[in-house]
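# Close look at the chain arrangement
One-letter residues, chain by chain:
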Amino acid sequence: MSSLQFLWFVLIGILFAGFFFLEGFDFGVGMSIQTLAHDEKEKNQLVATIGPVWDGNEVWLITAGGAMFASYPFWYSALFSGYYLILFIILVGLIIRGVSFEFRQKVAARQKNIWNWSLAIGSFIVPFFFGILFISMIQGMPIDAKGNMTAGFTDYINLFSVVGGIALTLLSYLHGLNYIALKTIGPIRDRAKNYAKFLYGVLYIGLVAFAFLLYLRTDFFNVHLVSTLTLLVLMVVLTVIANVGVMRDMELLAFLASGLTLISLVALLFTGLFPRLMISSITQKYDLLITNASSSPYTLRIMSYIALSFLPFVLAYIAWTYYIFRKRISHDRYTEY
């Protein structure tokens, strides 16, 4: 394995981690439209918290897909063909969620609830089915010698993948509640904290179930025992920190800890896969590996030069955007407070 192959595996993991950290709270806020807000004024207030940033956060997913296509084309082809229906559902979720931001502002009041539901449902679909995708992938899928996947329904939808989908959705929802508490003023801020206090108790149960099924249904504990245990413990510790932050009104701490929990989950999945990209449930010989699925060294080298040249500007722009829109959103106004 070359250093460039390893670098691009890590970079793709970082891109997915950035996506779930930033877009995770977007999903949580979107789901809160119909579960947390009591009236249209509060729904507008919630949308205003993510209005300037939600579309920029989705760029991380597009970049991750593009990086996968350019650096690991065989991984890209196996994943996107084998998970065609799952990714189609995710795409539908992203589409109905994206258009709802615009349509809910332009339609008559009696039609606005349709687009509120579209925003909430789309925000649920994406993390849930990403959980289904990643968890089914780490269990192993029926991949043959040519990299073709011939999976059945239970390969995609099973107890572990459903638990993973629910866990990722719950993590995103809690991340969104912590963001709402950090970004709003008014009754909805206290309501978000109260919801989070209750749901962290549910999350502890979910983490135990996830760790147990990870032990039963994957080889992570056999292949990467130390890193798997370390990251599982880190997820629990970060969840406790986020919970304490909610209880003690330390809103920034709670938000950062819940975001880092999502990053730890992505790190757990990628370190458990390494040095594999896709696991074959037929035989270990058909596993898709970093060493045999990457682009040429020349392609990886050119991509590295481009990425290292533009990455500082992209990160600076993201930091500037969040700094500009850093103020809280009040209950009485939907613009910056």
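This text follows the structure it describes.
This is a predicted model, so every value here is computed, not measured. (Residues numbered from 1 in each chain as written. Predicted model: local features only at pLDDT ≥ 70, side-chain atom pairs only at ≥ 80, totals over all residues. Heavy atoms only, no water.)

### Here we look at the overall build of the protein
The line we're drawing: By the criteria applied, helices consist of DSSP H or I runs no shorter than four residues and strands consist of E runs no shorter than two, each listed in order from the N terminus. Each radius of gyration is computed over the set of C-alpha atoms, and the globule rule expresses the reference value as 2.2 Å times the number of residues to the power 0.38. Throughout, exposure labels follow a simple rule: accessible area from a 1.4 Å probe, protein chains only, divided by the maximum for the residue type, with under 20% read as buried, over 50% as exposed, and the rest as partly exposed. Contacts were defined at the residue level, with two residues in contact if any of their heavy atoms lie within 4.5 Å. All accessible-area figures derive from a Shrake-Rupley calculation using a 1.4 Å probe, and residue coverage is judged against the displayed protein chains alone. A positive count includes Lys and Arg, and a negative count includes Asp and Glu. His and the chain ends are not counted in either. We put the charge of a Lys on NZ, of an Arg on CZ, of an Asp on CG and of a Glu on CD.
The helix and strand tally for the protein stands at 14 helices and two strands. Relative to a compact globule of 337 residues, whose C-alpha radius of gyration would be 20 Å, the protein shows 20 Å and is just as compact. Across its three principal directions, the C-alpha atoms of the protein cover 60 × 40 × 35 Å. Going through the 337 residues of the protein one by one, you find that 52% of them count as buried. For the protein, restricting intrachain contacts to residue pairs at least 6 apart in sequence, the fraction spanning at least 24 positions comes to 77%. Working note: accessible area of the protein is about 15,600 Å², and carbon and sulfur atoms make up 71% of it. Looking at the protein, you have 22 positive and 17 negative side-chain charges, and the mean spots of the two groups are 3 Å apart.

### What about the nonpolar core?
Note that soluble globular proteins tend to have their nonpolar side chains buried in a common cluster. The test is simple: Remark: nonpolar core denotes a set of buried residues (Ala, Val, Leu, Ile, Met, Phe, Trp, Tyr, Cys) joined through side-chain atoms within 4.5 Å.
Ranked by internal contacts, the top residues of the largest apolar core, which has 98 residues, are F16, W75 and Y83. The biggest single contributor to this core is helix α1 (residues 3-35), with 15 residues. Residues within four places of Y83 in sequence aside, it is in contact with L133, S136, M137, M141, M149, Y156 and M278.

### What to know about the side chain of E251
The line we're drawing: Polar contact is defined as a pair of N or O atoms within 3.5 Å, subject to the rule that within protein one atom must be able to donate a hydrogen and the other to accept it, and that residues adjacent in sequence are counted only when both atoms are side-chain atoms.
As for its placement among the helices and strands, E251 is situated in helix α12 (residues 251-273). Within the structure, the side chain of E251 is placed 2.8 Å from the side chain of R189, a separation counted as a polar contact.

### Section: the packing of helix α3 (residues 54-71) against helix α5 (residues 84-106)
Inclusion rule: To obtain each axis, a line is fitted to C-alpha atoms, and for helices this fit is confined to the stretch in contact; angles are then taken between N-to-C directions over 0 to 180 degrees. With respect to orientation, any angle under 35 degrees is reported as roughly parallel, any angle over 145 as roughly antiparallel, any angle of 65 to 115 as roughly perpendicular, and every other angle as oblique. A crossing counts as left-handed when the near helix is turned anticlockwise from the far one by less than a right angle, and as right-handed when that turn is clockwise.
Here α3 crosses α5 at 160°, and the two axes come no closer than 12 Å. In terms of orientation, α3 and α5 fall into the roughly antiparallel class. Taken as a pair, α3 and α5 cross one another with a handedness that is left-handed. Seen from α3, the contacting residues are W54, E58 and L61; seen from α5, they are L94, R97, G98 and F101.

### What about the packing of aromatic side chains?
Basically, it comes down to this: Any two of the Phe, Tyr and Trp rings considered here, Trp counted by its six-membered ring, make a pair once their centres fall within 6.5 Å; the pair's planes then place it as stacked at under 30 degrees, edge-to-face at over 60, or tilted in between.
Within this structure, the stated rule accounts for 29 aromatic pairs. On the basis of an interplanar angle of 65° and a centroid distance of 6.4 Å, the ring pair of W75 and F270 is categorised as edge-to-face. Here W75 is found in helix α4 (residues 73-82), whereas its partner F270 is found in helix α12, with 195 residues between them in sequence. Note on accessibility: W75 and F270 belong to one class, buried. Ring pairs connect the aromatic residues F6, F9, F16, F19, F20, F27, Y72, W75, F130, F134, F270 and F274, which therefore count as one cluster.

### A few points about the pattern of salt bridges
Rules: We define a salt bridge as a side-chain nitrogen of Lys or Arg found within 4 Å of a carboxyl oxygen belonging to Asp or Glu.
Overall, the coordinates contain nine salt bridges when judged by the stated rule. Linking R97 and E23 is a salt bridge whose minimum nitrogen-to-oxygen distance equals 3.0 Å. Remark: E23 occurs in helix α1 and R97 occurs in helix α5; sequence separation between them is 74 residues. Residue class for E23 comes out buried when judged on its relative accessible area of 0%. Here R328 and E251 are joined by a salt bridge, their closest N and O atoms 2.7 Å apart. A residue pair is termed long-range when its members are at least 10 positions apart, and R328 in the segment after α14 (297-324) and E251 in helix α12 qualify at 77 residues. In the salt-bridge network here, residues are joined through shared partners; they are R189, K193, D249, E251 and R328.

### Topic: the side chain of N178
Tracing the backbone through its elements, the reader meets N178 in helix α8 (residues 159-183). By relative accessible area, N178 is classed as buried at 3%. A distance of 3.2 Å separates a polar atom in the side chain of N178 from a polar atom in the side chain of S258. Residue contacts for N178: discarding those within four places in its chain leaves A196, Y200, V246, A254, F255 and S258.

### What to know about helix α2 (residues 40-50)
α2 sits mainly inside the fold: nine of its eleven residues count as buried. All of the buried residues in α2 are E42, K43, N44, Q45, L46, V47, A48, T49 and I50. Measuring from the backbone nitrogen of K41 back to the side-chain oxygen at the start of α2 gives 3.2 Å, which picks out D39 as the cap.

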